[in-house]
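Observations on chain architecture
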Amino acid sequence: MSKSLPYSRKDVDYDNAKFRHRSFFKVITQTFLTSNRKRDCISCSTGKFLFLILIFGLVYVGLTHNPIPSRVVSRDQVFGIRKNEENNSTTNNGVERLKKFWRRAPRLPPQLPPDTKRSNNGIDHVPETTDVKALWITRQQKVKEAFTHAWSGYKKYAMGYDELMPVSQHGTDGLGGLGATVVDALDTAMIMGIDEVVAEAGSWVEENLSERISNKGQVNLFETTIRVLGGLLSAYHLSGGEKGMNISHAGPKPSVYLETAKNLGDRLLSAFTSSPTPIPFSDVILHDSSSHPAPGGLSSTSEVSTLQLEFNYLSFVSGDQKYSVEAMKVMEHIKTLPKVEGLVPIYISPHSGEFSGDNIRLGSRGDSYYEYLLKVWLQNGASTDNSTSYLYDMYKEAMNGVRHRLVQKSVPNELVFVGELPSGPNGGFSPKMDHLVCFLSGTLALGATKGLTKKQAMENNMLNFEDLENLKLAEDLAKTCFEMYSVTSTGLAPEIAYFHTQEFSEQGHEGGNKSSEYINDIIIKPADRHNLLRPETVESLFVLYRITEDLKYREWGWQIFEAFEKYTKIETGGYSSLDDVTIIPPPKRDKMETFFLGETLKYLYLLFGESSHIPLDKFVFNTEAHPIPINLKK
């Protein structure tokens, strides 16, 4: 079992550094009264006499002291070095010295946070120069061009299919045949302002999607909710629905997206209503609105608890509370189940309503449970007394459990990582971390400041010690996630990494980049060397840059983007996942996942852009990066 990270209270002391003026009399009396000689001096008559003389003298000086007029003075006047003052009499010089002796000390500036650099103008961040702004505008444009290239391949070879196979140049349906890439990419095109793609994707939705929803067969409740339902709802808001942003005038009317979302939501509800417990079944048959459990009977904990943002918003914009009611029953039920310091197993039974097995991890089948504890609370206004405040309490307990039970450091260079408990709290610790776990860095940062910048949160006295500890862990974990990229030959991360610890070591499984400082810390086993174009690391870099305003997160994001461009881009259109990131050239896997357009490129674009675009204190991103407005109040 790992101990809590040794974060010092220095991280919060600076926030309490309040420099207050004290009166002259208070300075003298407090100094005297706290002196070690106080008792001896006052106890004798001579001491009393001298003390009275001192008091009368101080009163005299105070009455005869002339205050400095309230006017602008020169530098020479401030420091008293005018030439004529050098010729003053000894008496006057002595008076001036006496006045200077009693002068109040200047007010000290606020103490800076640890590791904060001071600029020439004070503690504020140095403003970006025109050249720096132009650089990031250019880089943002490169991401936009990458999205256009990815869409062009999909449109040419796979339009209407769920995903593109860019090497073999055809489409495939692995998500139920609802054209998942179209819907996943739609709001990204809106955010990037690519009206041509918005028109193409929007027209396809209007002409085809409702019919497919009514006629298709089995789909996964979770995947369909986060990608298709979430994508439709985000497009509805961004196109102007329900007093939305209206950032794109291309494509159909907003009502098209809402009506399609309601059609889909009505059919997905059967997963909840068919189950004997509040835990929904995992699979839905769309054409007859029926559902059934997955093979083996269990549902993933993350899947049943990563539906609430979408169903809550659907209820809000449709005016029908049935969607939110069913989805929130899941969270209310999980609240009552036993946990290990807020941590939960990765499987749950819809038949019994209980957790199944002992495996605890923040990778696959566990990850977004912890993400939605925070985000559903934020969606409802981030108040400690609203109806979802119990979710924030569960989130805080879980993050304490993560720090206590799952966080360790690698050897020899002490990379902070989040491991697993495959046999539960009484079993051994595994130094295995999925790339999926890299979502946690952004979630921790978001939970600390509630979407504000760190500077704003500090000014509003919002950060307690636990928040700062979580923010420190977020930054440490982001560093580790970035090094999972830079340690490989391609500069792209594997799907899974292991870490050398005092108890665990394996030789011969390096990332291939011999110049990396961390090549001996990170283990990449042959079966885990693939890269699926995943978004979790760039998601966290985006959130951390917005919150800390530290440019290194942009620079890390740019390095990752360049690696994607170099090794995954297919010249005929699209981008391909890879089989092995440790060798050059890396073998292609011939699959462009929908989340590359829906998440990875979206987060990179926002990372390089203005922080006022889709601000974190106005939106929460669902686990598929579809922005949903917060504070659902009519």
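So, how was this worked out
Residues numbered from 1 in each chain as written. Predicted model: local features only at pLDDT ≥ 70, side-chain atom pairs only at ≥ 80, totals over all residues. Heavy atoms only, no water. Helix = DSSP H or I, 4+ residues; strand = E, 2+ residues; numbered from the N terminus. Areas by Shrake-Rupley, 256 points an atom, 1.4 Å probe, with all protein chains shown as cover. Buried < 20%, exposed > 50% of the residue type's maximum accessible area, 1.4 Å probe, protein only. Pairing = 2+ DSSP bridges. Polar contact = N/O pair within 3.5 Å; in protein donor to acceptor, adjacent residues only side chain to side chain. Contact = heavy atoms within 4.5 Å. Salt bridge = Lys/Arg side-chain N within 4 Å of Asp/Glu carboxyl O. Expected span 1.5 Å × (residues − 1). Axes fitted to C-alpha atoms, helices over the stretch in contact; angles between N-to-C directions. Parallel < 35°, antiparallel > 145°, perpendicular 65-115°, else oblique. Left-handed = near helix turned anticlockwise from the far one by under 90°. Nonpolar A, V, L, I, M, F, W, Y, C, P; charged D, E, K, R; others polar. pLDDT = per-residue confidence, 0-100. Phe/Tyr/Trp six-rings, centres within 6.5 Å; stacked < 30°, edge-to-face > 60°. Lys NZ or Arg CZ within 6 Å of the ring centre and 35° of its normal.

Of regular secondary structure, the chain possesses 23 helices and 15 strands. Within the structure as shown, the chain displays about 28700 Å² of accessible surface, and the carbon and sulfur contribution to it stands at 51%.

Let us now look at the environment of Lys156. With respect to the helices and strands, Lys156 occurs in helix H7 (residues 130–158). With relative accessibility at 61%, the residue Lys156 sits in the exposed group. Counting along the chain gives 418 residues from Lys156 to Gly574, while the straight-line C-alpha distance between them is 9.8 Å.

Before going further, it helps to spend a moment on the sheet that holds strand E8 (residues 355–356). Ordered in space as E6-E7-E8, the 3 strands form an open sheet in which the pairing is antiparallel. A single partner strand is all that each edge strand has here, and the edge strands are strand E6 (299–300) and E8. In this sheet, E8 lies alongside strand E7 (residues 347–348) in antiparallel orientation, the contact comprising 2 bridges. Residue pairing across strands places Ile348 opposite Phe355, the latter belonging to E8.

So, on to the pairing of strand E12 (residues 496–499). For a regular strand, side-chain orientation follows a simple rule: the groups alternate between the two sheet faces. Along E12, one buried face is formed by Ile496 and Tyr498 and the opposite face, lined by Ala497 and Phe499, is buried too. As judged from the 3 bridges shared by strand E11 (residues 432–434) and E12, these two strands associate in the antiparallel manner. If you follow Asp434 over to E12, its bridge partner there is Ile496. Sheet topology note: the E12/strand E13 (residues 522–523) ladder contains 2 bridges and is antiparallel. Residue pairing in the sheet places Tyr498 in a bridge with Ile523 of E13.

Tracing the backbone shows Ser486 in helix H20 (residues 465–486). Here Glu483 takes part through its side chain, which lies 2.6 Å from a polar atom of the side chain of Ser486. Non-local contacts of Ser486, meaning those with residues more than four positions away in its chain, are made with Asn513 and Ser516.

What the rule picks out here adds up to 23 salt bridges. In this structure, Asp266 and Lys322 form a salt bridge, with 3.2 Å as the shortest nitrogen-oxygen distance. Of this pair, Asp266 sits in helix H11 (residues 254–268) while Lys322 sits in helix H15 (residues 322–335), and the two are 56 residues apart along the sequence. Asp266 gets classed as partly exposed once you look at its relative accessible area, which sits at 35%. For Lys569, the salt bridge goes to Glu565, with nearest N and O atoms at 3.7 Å. Through salt bridges with shared partners, one network takes in Glu163, Lys591 and Glu593.

Our next topic: helix H22 (residues 552–567). With 16 residues, H22 should reach 22 Å at 1.5 Å per residue; the first-to-last C-alpha distance of 23 Å fits that figure. Listed in full, the buried residues belonging to H22 are Tyr553, Arg554, Trp556, Gly557, Trp558, Ile560, Phe561, Ala563, Phe564 and Tyr567. Contact partners of the buried residues in H22: H7, H20, helix H21 (536–548) and helix H23 (594–607).

The next point concerns the sheet that holds E13. Spatially, E11-E12-E13 is the arrangement adopted by the 3 strands of the open sheet, whose pairing is antiparallel. Of all the strands in the sheet, just E11 and E13 have a single pairing partner and so form its edges.

A word on the packing of H22 against H23. Any two packed helices are characterised by how steeply their axes cross, that is the angle between the axes, and by the distance between the axes. Where H22 meets H23, the axes come as close as 9 Å, and the angle between the chain directions of the two elements is 140°. By the angle between their directions, the pair H22 and H23 is classed as oblique. Handedness of the H22/H23 crossing: left-handed. Here Tyr553, Arg554, Gly557, Phe561 and Phe564 of H22 lie close against H23, whose contacting residues are Phe596, Thr600, Leu601, Leu604 and Leu607. A class-by-class count of the residues in the contact of H22 with H23 yields 7 nonpolar, 2 polar and 1 charged.

Another aspect to go through is the environment of Glu593. Relative to the elements of secondary structure, Glu593 occurs in the loop between H22 and H23. Since its relative accessible area comes to 11%, Glu593 is described here as buried. Residues Glu593 and Arg534, 59 residues apart in the sequence, show an inter-C-alpha distance of 8.4 Å. With near-sequence residues (within four places) excluded, Glu593 lies in contact with Glu163 and Leu532.

This part is about helix H17 (residues 389–406). Over its 18 residues, H17 extends 25 Å from the first C-alpha to the last, a length consistent with the 26 Å expected when each residue adds 1.5 Å. Most of H17 is tucked away, with 13 of its 18 residues classed as buried.

It is the contact of H7 with helix H9 (residues 195–215), at a shortest axis distance of 11 Å, that shows an interaxial angle of 35°. In the crossing of H7 with H9, the sense of the turn from one axis to the other is left-handed. For the pair H7 and H9, the contacting residues are Phe147, Trp151 and Lys155 in the first and Val197, Glu200 and Ala201 in the second.

Attention shifts here to the confidence of the model for the chain. With 80% of its residues at a pLDDT of at least 70, the chain reaches an overall mean of 86. Low pLDDT (under 50) marks residues 1–42, which in the prediction has 66 contacts with non-local residues, meaning those over four places away or in another chain. Here residues 94–126 scores under 50 on pLDDT; set against residues more than four positions off or in separate chains, the count is 30 contacts.

Moving on, we come to the packing of aromatic side chains. Applying the stated criterion across every chain yields a total of 19 aromatic pairs. A network of ring pairs unites the aromatic residues Trp136, Trp558, Phe561 and Phe608 as a single cluster. Over the aromatic face of Tyr498 sits the side chain of Lys525, whose NZ or CZ is 4.1 Å from the ring centroid.

Let's shift gears to unusual backbone geometry. Note that the residue after Val411, namely Pro412, is joined by a cis bond; omega there is 5°. You can see Pro412 is positioned in the loop between strand E9 (407–409) and strand E10 (416–418). For the bond running from Ile584 to Pro585, omega is 0°, close enough to zero to count as cis. You can see Pro585 is positioned in the loop between H22 and H23. Phi is positive for Ser289, which is not a glycine, with a value near 50°.

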